[in-house]
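For reference, the chains in residue letters:
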Amino acid sequence: MTKYVYLFTEGNAGMRNLLGGKGANLAEMTGLGLPVPQGFTISTEACTQYYEDGKQINSAIQAEIMENIKKMEEITGKKFGDDENPLLVSVRSGARASMPGMMDTILNLGLNEKVVEVMAKKSGNARWAYDCYRRFIQMYSDVVMEVGKKYFEELIDKMKIEKGITQDVDLTADDLKTLAGQFKAEYRLKIGEDFPSDPVDQLMGAIKAVFRSWDNPRANVYRRDNDIPYSWGTAVNVQMMAFGNLGETSGTGVAFTRDPATGEKKLMGEFLMNAQGEDVVAGVRTPQKIDQLKEVMPEVYNQFVEICNTLENHYHDMQDMEFTIEDKKLYMLQTRNGKRTAQAALKIACDLVDEGMITEEQAVLMIEPRNLDTLLHPQFDIAALKAAKAIGKGLGASPGAACGSIVFSAEDAEKAKAQGKKVVLVRLETSPEDITGMKAAQGILTVRGGMTSHAAVVARGMGTCCVSGCSEIAMDEANKTFTLAGKKFVEGDSISIDGSTGNIYDGIIPTVDATIAGEFGRIMGLADKFRTMKVRTNADTPRDAKKARELGAEGIGLCRTEHMFFEADRIAAFREMICADTIEEREAALSKIEPVQQADFEALYEALEGYPVTIRFLDPPLHEFVPTEEADIELLAKTQGKSVDTIKSIINSLHEFNPMMGHRGCRLAVTYPEIARMQTKAIIKAAINVKKNHPDWDLVPEIMIPLICEIKELKVVKNVVVSTADELIKNAGIDLKYEVGTMIEIPRAALTADEIATEAQFFCFGTNDLTQMTYGFSRDDAGKFLNAYYYSKIFESDPFARLDQNGVGKLMSMAIKLGKGVRPDLHVGICGEHGGDPTSVEFCNTLGLTYVSCSPFRVPIARLAAAQAAIKQK
Ligand code: PEP
Ligand code: MG
């Protein structure tokens, strides 16, 4: 029989998959002899079973839970549901990977009218008893029954106004008792029945709510962004309560063993006296710095510091811990490897290597490749920043520079993003409902909350710039306005925030690109030491190519030549070529294009300094290039010496019902060989010129023919290339090698890769088209229905962003095997969007690809992901 429930004494850190991160670490801390309020973990398998049973906790699992409640009673000497000596518990979620904001904690479970009265009497602390009770009703209603916190907060605010007080701690026992009554009435009003008084019902309701939360929209979005499979499920931890709200000798807090924003080795954290956990993270009261605990309770502080050291030495990583002090006694409620900014992650990894705590390989494995993205984002221009005067200051909660127009709600942030606008989301405080809006914003600014507030933690996880806790702001969220430094800001006004210093500026401060230096450079150096797969870039301009080289690209894996014609001064000749209706007209247009292409290619070769350059023949979906504006049509008519009507009818004749499967790729070169000839000339002539200037460079242009589905197609185009190139090289009297290869982006090409490899010297997987054609989903339209696929659990991620390993991956694997069977030295890369996605890069490493190619700013991510894949596959 499967065991679903484990006491903390039965687990350890190695059981993370079964017990979730929180459960496994509570068990590990118990094993280390640290002061942990005891309890048990209901496994992730129980969560899976809950869904299999139609969202029910079956009777066997319920019985096992109750058996463990009995065991908890024996350990604690208290009784669940007992009036005299009640055992109160917390119920908290804990997945394998930490998922902030997925589900809130429920504290003080087990309370009802009778229990609270006894507790008040026996403790002689009625204020505490009723504070626990009103919190429980509030949390249970919110988390389990989804009533919504705000109704309860409104009641608290009303009470405070009536009493003429501003702080929750100033509410008396009687006030809290009245509030508890009002909360229960609110519950009855919203739910239509009484608040549950039976602790067993409360417990099962709470556990169910945790399981249910695994499938809430927030969790699904978070999982998709962070590559966490739905099948993992969440565990639930049931733990004896330790009370931080017992009075002035009690408190609660969170701390990191190193600074999660900078990585600096120093204890960082916050605490609140006479409070419970959610008060610290909710940012309702501004907490005290952990150092101040030294003065408030020196013994507890010293014990805590010792525990922090023990935990860091034990886990060999920065720890993020939660603790509670119950009447001067310290309890540890959680430890985990702390979330950190990319900057901090790099510093911590390097420091841990230097401290002899971890190996270089472990340091490389410790950095989340996706997070590097934030370091590659622009920072404020130093001169402009110096000239600017800060108008306010909050906490630098998540580094980076952000500027944009002000919005006041997550919804508005999303709307603005959809319109291509850059915004800064300004909130009193954020809550999990704000996640999608936070993602849409360039930066987040909050009035309340510390370094561990929701906004700070979530923004750091996302790599979004955040300034939290700027209490100088007088906020009026309802009217979408705030006042800072005497100025009234309204929606749409511009603002800049600095997530490192916490400074806030009026207006837009220009930003500059980031560079790889310091610890970033060191980790990248280590990544390069361990990885075996090369990383190239997709670049169409010398500027992009230079940037990619700076970021470590070892070649160009894809130059989309049609992208070289987007600029206004070039598109005219391109349109002439498309709209030509005789070969002479086309040749005339091509002769205008050729020198431009040649100059571009020369600049690309120069930028790459001898590293490989793959140039793809034109692959324009024609509809993207034909003129649509009347003035452009008139101009074209004039240059071609045709009437506007003739041009319009040519444009009409180019209309395709399915342009993505239309007259593009090699089909263009088959129809108009003169285009392939012109491009070959430009590529080879440019190489001849550059080689003359740099005889030491190993310049071997790679000519890539797109959208091949049949070997004879490749032969026809290749013949044009070879005859043109060989003649040019012979006439130049130079020793220049070149390669002709193809993209594998149509399933038939993968299926017949052995035939294709007889002609192709290299393959490059165009997984954008290969995904499109394997699924039969239009790349341009899939966004319209993918959400329904996520909702129905058909897909967990976008196959255009994360490679489908089972289907598309199988075609790739087959093509490599077939291709290499014919041509063992065939080099194989990937240049679809997946080349910069860490999970897909890992898969490409498994397939044995020679390189991945991605956009310039993703090059460092791919380098790190390739290194991690190599280390894991050792
Ligand atoms: C691809 O299809 O994966 C590819 C890289 O080509 P494009 O995106 O230009 O079609
Ligand atoms: Mg393609």
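Here the residue numbers are simple positions, counted from 1 along each chain's written sequence. Going through the entries in the order they are written, you letter the chains from A and number the ligands from 1. In keeping with the model being predicted, local features are shown solely for residues with a pLDDT of at least 70 and side-chain atom pairs are shown and tallied solely at 80 or more, while totals for entire chains, interfaces and linings include all residues. Computation of side-chain values covers all heavy atoms of the structure but excludes hydrogens and water.

*Asks:* So what about the nonpolar core? Which residues, and what values?
*Replies:* The biggest cluster of nonpolar side chains holds 127 residues, and the ones touching the most others in it are Y605, I705, F765 and L849. When checking whether two residues touch, look at their non-hydrogen atoms; a contact exists if any pair is within 4.5 Å. Apart from residues no more than four positions distant in its own chain, L849 is found in contact with M533, F765, M812, I816, V828, G829, I830 and C844. If you look at the next biggest cluster of nonpolar residues, it comprises 67 residues, including A46, M72, V91 and F211. The definition of a nonpolar core used throughout is a set of buried Ala, Val, Leu, Ile, Met, Phe, Trp, Tyr and Cys residues joined through side-chain atoms within 4.5 Å. Each residue gets one of three labels from its accessible area relative to the maximum for its type: buried under 20%, exposed over 50%, partly exposed in between, using a 1.4 Å probe on protein chains only.

*Asks:* Could you give an account of the coordination of the magnesium ion (ligand 2), naming the residues involved and the relevant values?
*Replies:* Counted as donors are N, O and S atoms no farther than 2.8 Å from the metal, or 3.2 Å for Na, K and Ca; water is not among the atoms, and sites may therefore look incomplete. Those protein atoms acting as donors to the magnesium ion (ligand 2) are E745 (OE) and D769 (OD), and they sit at 2.0 to 2.1 Å. Here E745, found in the loop between strand 28 (739-744) and helix 28 (747-751), pairs with D769, found in helix 30 (residues 767-775); they are 24 residues apart in sequence, far enough to count as distant. Each member of the pair, E745 as well as D769, carries the same accessibility label: buried. Counting from the N terminus, the helices are the DSSP runs of H or I reaching at least four residues and the strands are the DSSP runs of E reaching at least two.

*Asks:* Could you give an account of the sheet that holds strand 24 (residues 534-538), naming the residues involved and the relevant values?
*Replies:* Strands pair, by our definition, only if DSSP identifies at least two bridges between them. The parallel closed barrel is built from 8 strands, whose spatial order is 24-25-26-27-28-29-30-31. Direction aside, neighbouring strands of the sheet carry axes that sit 25° apart on average. Of the strands in this sheet, strand 25 (556-560) and strand 26 (613-616) touch helix 22 (residues 583-608), which is tilted by about 155° from strand 26. Working convention: axes come from line fits to C-alpha atoms, limited for helices to the stretch in contact. Angles between N-to-C directions cover 0 to 180 degrees.

*Asks:* Just give me the short version of the environment of K529, but keep the residues and values in it.
*Replies:* Structurally, the position occupied by K529 is in helix 19 (residues 518-530). Along the chain, K529 and E360 lie 169 residues apart, while their C-alpha atoms are 9.9 Å from each other.

*Asks:* Can you tell me about the packing of aromatic side chains, naming the residues and giving the values?
*Replies:* Think of it this way: a Phe, Tyr or Trp ring, Trp meaning its six-membered ring, pairs with another when their centres are within 6.5 Å, and the plane angle makes it stacked under 30 degrees, edge-to-face over 60, tilted otherwise. One pass over the structure, following the stated rule, counts 20 aromatic pairs. Judged by centre distance (4.6 Å) and plane angle (45°), the ring pair of F304 and F323 falls under tilted. Of this pair, F304 sits in helix 12 (residues 298-315) while F323 sits in strand 9 (residues 319-326), and the two are 19 residues apart along the sequence. Looking at F323, the relative accessible area reads 1%, which means it is buried. Pairing F482 with F489 gives two aromatic rings, centres 5.0 Å apart and planes at 20°, and the pair type is stacked. Like F489, F482 is buried.

*Asks:* Explain the pattern of salt bridges to me, using residue names and the numbers behind them.
*Replies:* Definition used for salt bridges: Asp or Glu carboxyl oxygen within 4 Å of a side-chain nitrogen of Lys or Arg. Scanning all chains against the criterion turns up 59 salt bridges. The shortest N-O distance in the salt bridge between E585 and K642 comes to 2.6 Å. Note that E585 is positioned in helix 22 and K642 in the loop between helix 23 (630-640) and helix 24 (644-653), a separation of 57 residues in sequence. Note on K642: relative accessible area 16%, which makes it buried.

*Asks:* Residue-level account of the environment of E162, with values.
*Replies:* With respect to the helices and strands, E162 occurs in helix 6 (residues 149-163). Taking the relative accessible area as the measure of exposure, E162 reaches 60% and is therefore exposed. C-alpha of E162 to C-alpha of Y230: the two residues are 68 residues apart in sequence and 47 Å apart in space.

*Asks:* Give me the lowdown on the packing of helix 33 (residues 838-847) against helix 34 (residues 859-872), citing residues and values where you can.
*Replies:* When two helices pack together, their arrangement is given by the angle between their axes and by how far apart the axes lie. Following both chains from N to C, one finds helix 33 and helix 34 inclined at 50°, their axes separated by 8 Å at the closest point. Looking at the two axes, helix 33 sits oblique to helix 34. Taken as a pair, helix 33 and helix 34 cross one another with a handedness that is right-handed. Only I861, A862, A865, A866, A869, A870 and K872 of helix 34 make contact with helix 33, whose side of the interface consists of P838, V841, E842 and N845. Broken down by class, the residue content of the contact of helix 33 with helix 34 amounts to 8 nonpolar, 1 polar and 2 charged. Under this scheme an angle from 65 to 115 degrees is roughly perpendicular, one under 35 degrees roughly parallel, and one over 145 degrees roughly antiparallel; angles in between are oblique. In this scheme the handedness of a crossing depends on how the near helix is turned from the far one: anticlockwise by less than a right angle means left-handed, clockwise means right-handed. When residues are grouped by polarity, Ala, Val, Leu, Ile, Met, Phe, Trp, Tyr, Cys and Pro land in nonpolar, Asp, Glu, Lys and Arg in charged, and all others, Gly among them, in polar.

*Asks:* How would you sum up the site of ligand 1? Please name residues and give values.
*Replies:* Being near a molecule or strand, for a residue, comes down to having at least one heavy atom within 4 Å of it. In the vicinity of ligand 1 there are 13 residues, among which R560, G766, N768, D769 and R779 approach most closely. Contact between ligand 1 and R616: an oxygen atom at 3.0 Å from a side-chain N or O atom of the residue. Polar contact criterion, stated in full: a pair of N or O atoms within 3.5 Å, where within protein one must be able to donate a hydrogen and the other to accept it, and residues adjacent in sequence count only if both atoms are side-chain atoms. Residue R779 places a side-chain N or O atom 2.8 Å away from an oxygen atom belonging to ligand 1. Note on areas: Shrake-Rupley with a 1.4 Å probe; residue coverage comes only from the protein chains shown. Computed on the free molecule, ligand 1 has an accessible area of 290 Å², of which 95% lies beneath the protein chains in the complex. Those elements that provide at least two residues to the shell around ligand 1 are strand 25 and helix 30. Sorting elements by how many residues they give to the shell around ligand 1 places helix 30 first, with 3 residues. When the residues that make up the shell around ligand 1 are grouped by side-chain class, the tally is 3 nonpolar, 4 polar and 6 charged.

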